[in-house]
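Survey of secondary and tertiary structure
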Amino acid sequence: MDHMPERSDLPLNLGRLKAMLLVLAFGLAVFALAALSIELPRRPGHNSPVWMPNALIAAALLRTSRDRWPILLAAAGVACWGAAVAFGAAMGLALGLTAANLVECLFCAVALLKLAGPDLSVGRPRHLALLVGVCLCATLVSGGLAALVFGLRGGDHLPLRAVSWIAGNALGLLTLVPCLLALSRARELLKERPVTRSGWVALAALAITSVAVFGQSRYPLLFVIPPALALLALELEVLGAALGVIIVGAVAVWFTGVGSGPITLVQGDLTERALFLQLFLGVSILSALPLASTSAQRRRLQAAAEEAAHVKADFLANMSHELRTPLTAVLGFAQLVERQPELSAETRAYVQRVTSAGKALRATINDILDFSKLEAGQVDIKPQPMSVAELTREAVDMFAAQAREKGVLLRLADLSDLPLLIEADPDRLRQVLLNLIGNAVKFTEVGEIAVQARLDARADHIVFEVSDTGPGMSADQSKRLFQRFSQVDAGAARKHGGTGLGLAICKGLVEAMGGSIGVDSRQGQGSRFWFTIPAILAEPASEPSTPAEVVSLPEDCRVLVVDDNTANRQLVRAILTPFGAVLTEAADGDEAIEAAEARPFDIILMDLRMPKMDGRTATARIRTGRGLNRGKPILAFSADASAPIADPLFSGHVNKPMTASGLVQAMSEAIANGGAARGPV
């Protein structure tokens, strides 16, 4: 019992045994590859067309820590020397050539780790290029050492031997090192790009094609291999290219070694055929691996771009909520105060300035969000029958007072030749027209602004024009005008403000509607902005059979207001109290569920973004619970720019900042519809 090993020593002994077995297996693998490479030419005095053991040695050094390099190099040296001696080489010559091979492997490992670092990946184009360069340099070093060894042993044809050595060793390194490095990361690569059915088909097709090409010596069909290899590289990326190169190389070397395949059609001796085989395999490697590496890099960049877009969307949603939430209180309370009849003229003017500043801030926020949605392709165009003439008159009327205050004439051209109705999105069309007229009023100090809408010569597009006698622009400034965050110059930006997104948004909206936009301008001679939209004629909508009802709420309407912002809850109370509504407040989702289970409500206003439990989760709990309000209308009540417009859980969606009339109308419609989903207000 005294000689039994301690229990704590057992894991250590097992680990050493496992390490010894791995080193032994590594040495046997090196010996097998060396023996195969020596035997391939089948004729003494010629180097192998591909020397494979160095690739295994270099790959092992690259994937292990440096403290294990001595034992690996020792095992590899014994294996290479033993294989050479076993197949007839003199001991001294075998020892010298083995030393040259080990120097080559050590050069590769040290240089690649120095240049690329421990995270060397053939899936990165830069690392692959470094690998190719280092391998070629390493074979030049070992080729010189091998020529020296042959010279010391009295060999002849030293330049030819050196060239053959360099070509065979380079081919082995370039063929197998990337493949072995890729296979060592097979699990990680398969996780990134799993093998699909088409991948298996491409792999099988390459194997069958390789055997068919090299299994016969009648037809030179080498040109069939690269397309099949490229297909596999595109399907399975780096791992597919690695497997493909191994398959093609193994089949080509085997059949060529036994005297079969298109390589045997090459005129010349075995050395010349070996060089031709080396050239073919080298071309295959240098075409498949870069293609696979580029494909993998593109996929990673696409994934990174999608992730960045997702992060950007989340950021915009959060910022939208954080900006719109206080803005809701600012605009809402300012509007309520402005309606008070007892205000003095001076106080009313102050309140109006607060309201104007709040609206300007809201416009800036909307510009940023609109542009982000345009970039993401998330802006919906909703065509409906509309009157171009009426919309244009309304847009001009909105700026009439502002132009009059500046002493600028704002005139509207004759609109009589326009069609009565067309199919277009009135909201987006109004947004573009208001932006162009607003810019003209902003930048024109004297003279006039002319607004025109007409049919073009082919009568298939409506042309809108906004001309002014402002400062105009140079050709370079005009080219930059529709780019994001672009201002005519820094002075204009300081004088007039703005985000520089307005015209970029106009361009995106017009193009989304199927039109085009542009500007004609000269420095000091004013500008003419124009845009077109398709003139799709529409039929007049049928008149409603019943007169519109006055918006109101049920008597003693019971309302549950769920919002984590106290000011917003107070604003809703101030808006709804004159309608006789009875309000109950909740600051988060948990309180909302508790209140909904305790008493019945006629309608629930649910903020979407709240601490503890968000509004959608709380709504789902209410809908699936046994309380009295699971079938009652619930309005999504949020400042979130990414909030869903139509969600089956909600009866509607009230955007913040809101208006008193918009909130009451949304509540009235939701109560009347009994919870049916509708669009945002």
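Model, not experiment: these values are computed from the prediction.

1. Comments concerning the overall build of the chain
Summing up its helical and strand segments, the chain has 20 helices and 12 strands in all. A buried classification covers 45% of the 681 residues belonging to the chain. A fraction of 72% describes how many contacts in the chain between residues 6 or more apart in sequence connect residues 24 or more apart. A total of about 34,600 Å² of accessible surface is found on the chain, and carbon and sulfur atoms cover 60% of it.

2. Digging into the nonpolar core
Formed by 74 residues in total, the largest nonpolar core has its most connected members in Phe26, Val30, Ile57, Leu61, Phe214 and Leu281. Among the elements that make up this core, the one with the highest residue count is helix 9 (residues 225-257) (15 residues). Excluding anything up to four places from it in sequence, Phe26 contacts Leu56, Ile57, Ala60, Leu72, Ala75 and Ala76. In terms of nonpolar packing, the next biggest core, distinct from the first, is built from 45 residues, Met386, Val388, Ala389 and Ile462 among them.

3. What about the side chain of Asp563?
Position of Asp563 among the secondary structure elements: in the loop between strand 8 (558-562) and helix 17 (566-576). From its side chain, Asp563 meets the backbone nitrogen of Asn565 in a polar contact 2.8 Å long. Excluding residues that lie within four positions of it along the chain, Asp563 makes contacts with Asn568, Arg569, Ala586, Ala587, Asp607, Met610, Phe637 and Lys656.

4. Notes on a negative patch on the surface
A contiguous patch of negative charge, built from Asp590, Glu591, Glu594 and Glu597, is present on the exposed surface. Considering the arrangement of structural elements, one finds Asp590 in helix 18 (residues 589-598).

5. Quick notes on helix 9
Under the 1.5 Å per step criterion, the end-to-end length of helix 9 is only 19 Å for 33 residues, more than 12% shorter than the ideal 48 Å. At Glu237, helix 9 shows its strongest bend, of approximately 140°. With its phi angle positive at about 85°, Gly259 sits one or two positions after the end of helix 9.

6. A look at the packing of aromatic side chains
Applying the stated criterion across every chain yields a total of 1 aromatic pair. Centroid distance Phe464 to Phe531: 4.7 Å. Interplanar angle 10°. Geometry classified as stacked. Taken together, the positions of Phe464 in strand 5 (residues 461-468) and Phe531 in strand 7 (residues 527-534) put the pair 67 residues apart, joining distant regions of the chain. Assigned by exposure class, Phe464 and Phe531 land together as buried. Against the face of Phe150 rests Arg161, its NZ or CZ located 4.6 Å from the ring centre.

7. Re helix 20 (residues 660-673)
Compared with the 20 Å implied by 1.5 Å per residue over 14 residues, the 20 Å span of helix 20 between its first and last C-alpha is a close match. In the segment just after helix 20, Gly674 is the residue with positive phi, at about 70°.

8. Section: the pattern of salt bridges
All told, the structure shown has 15 salt bridges when counted by the stated rule. Close ionic contact of Lys406 with Glu445 constitutes a salt bridge, the shortest N to O distance being 3.8 Å. Placement of Lys406 in helix 12 (residues 388-406) and of Glu445 in the loop between helix 13 (426-443) and strand 4 (448-455) is noted, with a sequence separation of 39 residues between them. Given a relative accessible area of 29%, Lys406 falls into the partly exposed group. The residue Arg458 makes a salt bridge to Asp460 at a minimum N-O spacing of 3.9 Å.

9. Observations concerning the environment of Ile622
If you trace the backbone, Ile622 turns up in helix 19 (residues 615-624). For Ile622, a relative accessible area of 7% corresponds to the buried category. For Ile622 and Ile593, which are 29 residues apart along the polypeptide, the C-alpha to C-alpha distance reads 6.2 Å. What Ile622 contacts, discounting residues up to four positions off in sequence, is Ala592, Ile593, Ala596, Ile604, Met606, Asn629, Arg630 and Ile634.

10. A closer look at the UniProt feature "transmembrane region" (unreviewed entry) in the chain
Under the UniProt annotation, the feature "transmembrane region" (unreviewed entry) is placed at residues 20-38, 71-91, 97-116, 128-150, 162-183, 195-213, 243-263 and 275-292. In residues 128-150, the share of helix is 100% and the share of strand is 0%. The end C-alpha atoms are 32 Å apart. Each end of residues 162-183 is marked by a C-alpha atom, and these two atoms are 31 Å apart; helix forms 100% of the span and strand 0%.

11. Describing the sheet that holds strand 2 (residues 409-412)
The 5 strands lie next to each other as 2-4-5-7-6, forming an open sheet whose pairing is mixed. Strands at the two margins of the open sheet, each flanked by one partner only, are strand 2 and strand 6 (516-521). Strand-to-strand twist across the sheet, computed as the mean angle between neighbouring axes with direction ignored, equals 15°. In this structure, strand 6 lies alongside strand 7, joined through 6 bridges in antiparallel fashion. Directly across from Ile517, in strand 7, lies its bridge partner Phe531. In the packing of helix 13 onto the sheet, contacts are made with strand 4, strand 5 and strand 7, and the angle to strand 5 comes to roughly 20°. Across the sheet, helix 16 (residues 502-512) is in contact with strand 6 and strand 7; its angle to strand 6 comes to roughly 135°.

12. What about the sheet that holds strand 10 (residues 603-606)?
Strand pairs in the sheet, formed through backbone hydrogen bonds, run parallel or antiparallel to each other. As summarised here, the arrangement of the 5 strands in space is 9-8-10-11-12, forming an open sheet in which the pairing is parallel. Both edges of this open sheet fall to strand 9 (582-586) and strand 12 (652-655), since each of them pairs with a single strand only. Between one strand and the next, the sheet's axes are offset by a mean angle of 20°, whatever the strand orientation. Here strand 8 runs beside strand 10; their pairing, made up of 4 bridges, is parallel. In the strand pairing of strand 10, Val559 is matched with Ile603. Sheet contacts for helix 18: strand 8, strand 9 and strand 10; angle to strand 8, the most-contacted strand, approximately 165°.

13. What to know about the pairing of strand 7
In terms of burial, strand 7 is largely enclosed, as 6 of its 8 residues are buried. As paired elements, strand 5 and strand 7 share 8 bridges and run antiparallel to each other. When the sheet's bridge partners are listed, Val466 is paired in strand 7 with Phe529. Where strand 6 hands over to strand 7, the hairpin turn is made up of 5 residues, of which Gly524 adopts a positive phi near 80°.

14. Let's talk about the pairing of strand 8
Most of strand 8 sits inside the fold, with 4 of its 5 residues counted as buried. With 5 bridges joining them, strand 8 and strand 9 adopt parallel strand pairing. The residue of strand 9 that forms the bridge with Leu560 is Thr584. Taken together, strand 8, helix 17 and strand 9 form a β-α-β motif whose crossover is right-handed.

15. Quick word on a nonpolar patch on the surface
Side chains of Val103, Phe107, Val141, Leu145, Leu148 and Leu152 sit close together on the surface and give an oily, nonpolar patch of about 510 Å² of accessible area. Only helix 4 (91-116) and helix 5 (125-152) provide two or more residues apiece to the nonpolar patch. Mapping Val103 onto the fold places it in helix 4. Overall, the relative accessible area of 36% leaves Val103 in the partly exposed class.

16. Here we look at the packing of helix 8 (residues 197-214) against helix 9
With their axes 9 Å apart at the nearest point, helix 8 and helix 9 run at an angle of 25° to one another. In terms of axis orientation, helix 8 runs roughly parallel to helix 9. Regarding helix 8 and helix 9, the two cross each other, and that crossing is right-handed.

Calculation notes
Residues numbered from 1 in each chain as written. Predicted model: local features only at pLDDT ≥ 70, side-chain atom pairs only at ≥ 80, totals over all residues. Heavy atoms only, no water. Helix = DSSP H or I, 4+ residues; strand = E, 2+ residues; numbered from the N terminus. Buried < 20%, exposed > 50% of the residue type's maximum accessible area, 1.4 Å probe, protein only. Contact = heavy atoms within 4.5 Å. Areas by Shrake-Rupley, 256 points an atom, 1.4 Å probe, with all protein chains shown as cover. Core = buried A, V, L, I, M, F, W, Y, C linked by side-chain atoms within 4.5 Å. Polar contact = N/O pair within 3.5 Å; in protein donor to acceptor, adjacent residues only side chain to side chain. Patch = residues over 30% accessible without salt bridge, like charges linked within 9 Å, V, L, I, M, F, W, Y side chains within 5 Å. Salt bridge = Lys/Arg side-chain N within 4 Å of Asp/Glu carboxyl O. Lys, Arg positive; Asp, Glu negative; His and termini not counted. Charge placed at Lys NZ, Arg CZ, Asp CG, Glu CD. Expected span 1.5 Å × (residues − 1). Bend = angle between axes of the 7 residues up to and from the residue. Phe/Tyr/Trp six-rings, centres within 6.5 Å; stacked < 30°, edge-to-face > 60°. Lys NZ or Arg CZ within 6 Å of the ring centre and 35° of its normal. UniProt positions renumbered as here; feature names shortened; annotations may be inferred. Pairing = 2+ DSSP bridges. Axes fitted to C-alpha atoms, helices over the stretch in contact; angles between N-to-C directions. Right-handed = clockwise from strand over helix to strand, strands pointing away. Parallel < 35°, antiparallel > 145°, perpendicular 65-115°, else oblique. Left-handed = near helix turned anticlockwise from the far one by under 90°.

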